[in-house]
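Structural features, examined
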Amino acid sequence: MESTDFNLVREGMTQICIRVDEEVKAQAEAVCDELGMSLSTAINIYLKKLGREKRIPFDLSVDPEERVRQRRNTRLAEEYELQR
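Residues numbered from 1 in each chain as written. Predicted model: local features only at pLDDT ≥ 70, side-chain atom pairs only at ≥ 80, totals over all residues. Heavy atoms only, no water.

**Some thoughts on the overall build of the protein chain**
The secondary structure content of the protein chain amounts to three helices and zero strands. Beginning at the N terminus, the succession of helices and strands in the protein chain can be written as α-α-α. (Helix = DSSP H or I, 4+ residues; strand = E, 2+ residues; numbered from the N terminus.)

Here it is in structure tokens:
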């Protein structure tokens, strides 16, 4: 495995790249700093818990109006696929 001075990757590890709002990242980094961990460590904790529990490790909800829009968009996408 080849490594560079600025990006050492341990064997058995992989790198992922995600896009996130700058403010969201800054807030998350501030919280992680207060907890004494890196953002990478926090994301690894999340991914391990996701894999172990086979679920998103916190409650998710959508406001009713958004749910209606999502269902409508799904229905329209399905109708489009049937017409192809």
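There is more to say after this.
**A few points about the pattern of salt bridges**
The tally for this structure, following the rule as stated, stands at three salt bridges. For the salt bridge of glutamate 29 with lysine 25, the shortest nitrogen-to-oxygen distance reads 3.6 Å. Placement of both glutamate 29 and lysine 25 in helix H1 (residues 22–35) is noted, with a separation of four residues, approximately one turn of the helix. You can call glutamate 29 partly exposed: its relative accessible area is 36%. On the accessibility criterion, lysine 25 (38% relative accessible area) is partly exposed. For lysine 49, the salt bridge is made with glutamate 53, and the minimal N-O distance between the two is 3.1 Å. Here the residue lysine 49 and the residue glutamate 53 both occupy positions in helix H2 (residues 39–53), the gap between them amounting to four residues, near one helical turn. (Salt bridge = Lys/Arg side-chain N within 4 Å of Asp/Glu carboxyl O. Buried < 20%, exposed > 50% of the residue type's maximum accessible area, 1.4 Å probe, protein only.)

**Some thoughts on the confidence of the model for the protein chain**
Averaged over all residues, the pLDDT of the protein chain equals 83, while 87% of them reach at least 70. Here residues 1–6 is a poorly scored stretch, pLDDT under 50, and it has four contacts once near neighbours within four places are set aside; other chains count. (pLDDT = per-residue confidence, 0-100. Contact = heavy atoms within 4.5 Å.)

**Let's talk about unusual backbone geometry**
Unusually for a residue other than glycine, lysine 54 sits at a positive phi of about 60 degrees. Position of lysine 54 relative to the elements: it lies in the loop between H2 and helix H3 (64–83).

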